[in-house]
Amino acid sequence: MPAWYDDGMRHIWLPYRQMKTAAAPLAVARTRGSRIVLEDGRELIDGIASWWTAVHGYNPPRITNAIAKQAARMPHVMLGGLLHEQAAKLATRLAALLPGDLSRVFFSESGSVAVEVALKMAVQFWLNQGVRSRTKFIAFKGGYHGDTFATMAICDPEEGMHTLFSGVLPEHFICELPRDEESAEALDRFLADHADEVAGIIVEPLVQGAGGMLFHDEPCLQRLRGLADKYGVLLIFDEIFTGFGRTGAMFASDAAEVVPDIMTIGKALTGGTLPLAATVASGKIFDAFYSDEPLHALMHGPTYMGNALACAAANASLDLFENNNRLLAANEIGKAMTTALGPCLTLPGVKDVRVRGGIAVVELARIENREALCQRFVAEGVWIRPLRNVVYLTPALTISEAELAVLTGAVRKVLESGTI
Ligand SMILES: *Cc1c(COP(=O)(O)O)cnc(C)c1O
C-alpha cells in the first residue's frame, strides 16, 4: 500500500463503518468509464456508479473539460449578493426541464441539505401565511431522505437511527404508502384527523432507494397528489436518487405525470463529479415568500451554494443528456438486466427480482454478512455493495453490453454459490 494509505487510515473516519472491525477499504488510483482502477492494478467494473451519481460513467470529458475551463476562470463566488453565469444558466435549464411550474431553484451542496431546505420551505410556506400549527411531515416506511437530524427523522424508523437517537429527533408521521385503495383510505382517514398539523407529505417517487430499493407504481403517486390536494398539504418529491434517468424517465414525476409542489434533486446532477443538490419550488410556494416583509424571505444559505465548478459540471451533464439518449439506454440496460437476472428467482434465499429503468434488484430473505458478500463480488472483478437485504445494480447509463454482462454474471455466480 502507498504511504498515503497507511498514514490516512490512522486519521480518516469513513462512512457507515465500524472502524474497528470493518475490512480495509480498497485503495483507488483512478477511474474511467465504468471502471474503478485500484492502486494494486486491479480493475473493478462499477455496478452502482458511486452511490448512483456517475450516470455518464467516470471522467466524462465533456464534464471534466467544463470543470477545468470554469476553474481557470472562477472556481467559486458566494451567492450572497452575487450571481454568476453557471448558476443562472443551470437554474434556467432546470426550470425548463422539470415538470409543471417547478421553476425556482435553490442550490445546496448535498442531498440531505436539499431535503432540509425543502422541509424548511414547507414549514415557512405556512408560517408566512400565519399558520403556525403545520409543522409535521408525513413520510413513508422504507423511505430514506438523508443523514442530518431533520432528515433522519423522516427516514424509515426501522433503519436503526430512530432507536439510537430516540428522544433527540423531532417526531413526524411515518405512514404506509397508499399502494392500493385500502391503504389510500387509511391515509385519507389519517389526514382527516391530522391535516392541520401537517406541512407536507414527502416521498421518494417510484423507487425508495437506500431503504431497500422498494418499488411502487404511478397510481400510488397520483393518490398522494389527490390526498395532498384534498387536505391542502404540500407534496414534496425527493428525486435525489430517481432523478436524471435512473428509473427510465428523466424524473419519476414525468413517468407518474404528477407535479409535486417541491422537488429535491442531487446525486446524478453533476454526473458524479462534484457535490451539488437543489430544492426546486413551484410558483405557488415561491409566491408565499415573495413579499415586502423581510422576514418572509427564505432564511437559508449554504456557504458553497451554487458553486461555479459544480454548476458548470451540471450544465455539461445536461448537455450530455441532450446529446445522447440516456433514457433509451436506461431502458435497454433494464431489459438486459431483466433477462440476465430473472433466473435468480429460482435460487434458494431469493425472494424477488425486480427491474425498473436502470435499476435491478435481487431481494434476498436476508443477508448475513454484507461485507463478506461485497468481498466475493470484488473477487469477481465487480464493485457491488448490497444494502439491507438486497443486491442491486445501478450502473452508469453508458456501460457497455460486455461490462454489464460481467456485472450480472457476477451476481448470478455469487448468489448461486450460496452461503451468504
Ligand atoms: C442520497 C439521498 C439523500 C441524501 O443525499 P446526500 O447527498 O447523501 O446528503 C436524500 N434523499 C435520497 C432519496 C437519497 O437517495
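Residues numbered from 1 in each chain as written. Predicted model: local features only at pLDDT ≥ 70, side-chain atom pairs only at ≥ 80, totals over all residues. Heavy atoms only, no water.

Caption draft 1: View of the pairing of strand 12 (residues 277-282). In terms of residue burial, strand 12 counts as a mostly covered element, since 6 of its 6 residues are buried. Bridge analysis of strand 4 (residues 102-108) against strand 12 gives 6 bridges, and the strand direction is antiparallel. Within strand 12, the residue paired with V105 across the bridge is V280. Here strand 11 (residues 262-265) runs beside strand 12; their pairing, made up of 4 bridges, is antiparallel. Each bridged residue has a counterpart across the sheet, and for I262 the counterpart in strand 12 is A281. (Buried < 20%, exposed > 50% of the residue type's maximum accessible area, 1.4 Å probe, protein only. Helix = DSSP H or I, 4+ residues; strand = E, 2+ residues; numbered from the N terminus. Pairing = 2+ DSSP bridges.)

Caption draft 2: Molecular detail of the site of the ligand. Close to the ligand lie W52, S110, G111, S112, Y144, H145, G146, E204, D238, I240, F241 and K267. Within the side chain of S112, one N or O atom sits 2.6 Å away from an oxygen atom of the ligand. Within the side chain of K267, an N or O atom sits 2.7 Å from an oxygen atom of the ligand. Tallied by class, residues from the shell around the ligand come to 4 nonpolar, 5 polar and 3 charged. (Near = heavy atom within 4 Å. Polar contact = N/O pair within 3.5 Å; in protein donor to acceptor, adjacent residues only side chain to side chain. Nonpolar A, V, L, I, M, F, W, Y, C, P; charged D, E, K, R; others polar.)

Caption draft 3: How the structure looks around the domain arrangement of the chain. Assigned domains of the chain: these are domain 1 (27-59) and domain 2 (61-323). Of the residues lining the interface, 9 residues belong to domain 1; the matching set on domain 2 comes to 16 residues. Roughly 970 Å² of surface becomes buried between domain 1 and domain 2 when both sides are summed, with 71% attributable to carbon and sulfur atoms. Seen at the junction of domain 1 and domain 2, the total is 0 salt bridges. Counting across the interface, domain 1 meets domain 2 through 2 residue pairs in polar contact (both at pLDDT 80 or more). Looking at side-chain class alone, the side of domain 1 that touches domain 2 contains 5 nonpolar, 4 polar and no charged residues. (Domains from an automatic or database assignment. Contact = heavy atoms within 4.5 Å. Buried area = accessible area lost by both parts, 1.4 Å probe. Salt bridge = Lys/Arg side-chain N within 4 Å of Asp/Glu carboxyl O.)

Caption draft 4: Seen up close, the packing of aromatic side chains. Applying the stated rule across the entire model yields 10 aromatic pairs. Aromatic pair W52 and F241: ring centres 4.2 Å apart, planes at 50°, arrangement tilted. Linking W52 in helix 2 (residues 49-52) with F241 in the loop between strand 10 (234-238) and helix 10 (252-256), this pair joins segments that are 189 residues apart in sequence. F241 matches W52 in its accessibility class, with the two residues each being buried. A network of ring pairs unites the aromatic residues W52, F241 and Y392 as a single cluster. When the ring centre of F286 is taken as reference, the NZ or CZ atom of R104 above it lies at 3.8 Å. (Phe/Tyr/Trp six-rings, centres within 6.5 Å; stacked < 30°, edge-to-face > 60°. Lys NZ or Arg CZ within 6 Å of the ring centre and 35° of its normal.)

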